[in-house]
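Letter by letter, the chains look like this.
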Amino acid sequence: MTETSGIGRTTDESRTNDEVWVVGATGRIGRGVTARLAARGLTVVPVGRSRERLLAAGAEAGLPGDAKVVVADSAGRIADEIVRERPRVVVNTMGAFATTAPVIARACMPGGHYVDQANDVVAVEGLLALHDEAVKAGSTLVTGAGFGVLATEAVVAKLCEGRGAPHRVRVDAVASVAIEAGVLGTALAASMVDVLTAGGRRYDNGWLVPSRLGADQRRLTFPDGESAKSAGVASGDLVAAHAASGAPFVTATSALVPTAPLVRALLPLLGRLLSVPALRRLAVDRLGRAAIKKAVPRPRTHSWGHAVVEWADGTRHEGWLRAGDGMDFTADVTATVTELLARGAGRPGAWTPAAALGPDLATTAGGTFVRD
């Protein structure tokens, strides 16, 4: 394998080659996306810090022995390589999306496309803020391409089809995820820390306002009879549900938020401490290095996205999206979005997944709608 192909920029900066770059290809989601895209016949280029690990990830994904890899150790250096080589689509699975997404997405423009799995308010809103730039550049940027965002956004969009804007929406994301043996990883660790530092959010009369992290606790009983607790969180699901519905009042909960009374009481303090940059970096580093000695199966049979939509006249509709392992579904969503963009689907701009490609993207990626 070679690290570069020598392909330089053309005189037309919007012209791209046929490559799909997977940034963070050695992580769990990155490996899954790489394998899925390779199986679909796309020209996949693993991107990351370690040449040896990229070679191993490529071999695991079934890439040919002479396949290309790109070695770069920061978002800035990755962006430089993107500008120089012009891949058609770049998939960002490296995490820390609030900082890495704008850098990498801007490098894809003009003409190239971008996909990530962000699911925090800051990262999702930051990517969506590039909409006008992306339209002018003829590029499609998709954020939240995973269980987080799509599993609830698709249900809201389905429930609101053919109707006026509702008055109130609640979404609940309850992923069921098997834990692999090994280290937790920086990307997942950063996502977990970001949940705490962002605190809570909700839409109140159309305005995004602070709320207590862990508020609105509830126990959900799923259509298959299993159940789980969830609690309020500032997530990309919240932003996407508001955009998909136009409702002035929107709340979001997640099963990732601790629900034990003592832990919930400490969440605001812990969030403030982790907002200190030095403490955040330390927490992400220590958590990311945490060793998981034994694989743990997923706690429930299915992952569920849930939405309740209410109109001012009292009409109420409820719906669910059923998926398998939440991480596997995320890899399926990312791969599906990436393949569609690589083959010419989508429209210029910055979008959440269902806004870019329609709510049926969720079923194309393997989910199943369950309506009331």
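Above: the structure in question.
Reference entry: report on the structure contained in this document. (Residues numbered from 1 in each chain as written. Predicted model: local features only at pLDDT ≥ 70, side-chain atom pairs only at ≥ 80, totals over all residues. Heavy atoms only, no water.)

**Considering the overall build of the protein chain**
A count of helical and extended segments in the protein chain gives 14 helices and 18 strands. Taken over the C-alpha atoms alone, the protein chain extends approximately 60 × 45 × 40 Å along its principal axes. The proportion of buried residues among the 372 residues of the protein chain is 49%. Once local pairs closer than 6 in sequence are excluded, the contacts in the protein chain between residues at least 24 apart make up 75%. Each charge sign in the protein chain was given a centre, from 41 positive and 37 negative side chains, and these centres are 5 Å apart. (Helix = DSSP H or I, 4+ residues; strand = E, 2+ residues; numbered from the N terminus. Buried < 20%, exposed > 50% of the residue type's maximum accessible area, 1.4 Å probe, protein only. Contact = heavy atoms within 4.5 Å. Lys, Arg positive; Asp, Glu negative; His and termini not counted. Charge placed at Lys NZ, Arg CZ, Asp CG, Glu CD.)

**A short note on the nonpolar core**
In this structure, Leu-37, Ile-82, Tyr-114, Leu-127, Leu-141, Val-169 and Val-337 are the most contacted members of the largest nonpolar core, which totals 85 residues. Ranked by residues supplied to this core, first place goes to helix 7 (residues 147-160) with 8 residues. Setting aside anything within four residues of it in sequence, one finds Tyr-114 in contact with Val-90, Asn-92, Phe-97, Ala-101, Ile-104, Ala-105, Cys-108, Leu-127, Thr-140, Leu-141, Val-142 and Leu-341. One finds Ala-190, Val-193, Leu-196 and Val-284 within the second-largest nonpolar core, a separate group that totals 10 residues. (Core = buried A, V, L, I, M, F, W, Y, C linked by side-chain atoms within 4.5 Å.)

**So, the sheet that holds strand 1 (residues 19-23)**
Taken together, 7 strands build an open sheet; the order of strands is 3-2-1-4-5-6-17 and the sheet is parallel. Every other strand in the sheet has two partners, leaving strand 3 (70-71) and strand 17 (349-351) as the edge strands with one partner each. Here strand 1 runs beside strand 4 (residues 89-92); their pairing, made up of 4 bridges, is parallel. Bridge pairing in strand 4 links Trp-21 to Val-90. In this fold helix 5 (residues 121-128) packs onto strand 5 (113-116), strand 6 (140-142) and strand 17, with an angle of close to 160 degrees to the strand it touches most, strand 17. (Pairing = 2+ DSSP bridges. Axes fitted to C-alpha atoms, helices over the stretch in contact; angles between N-to-C directions.)

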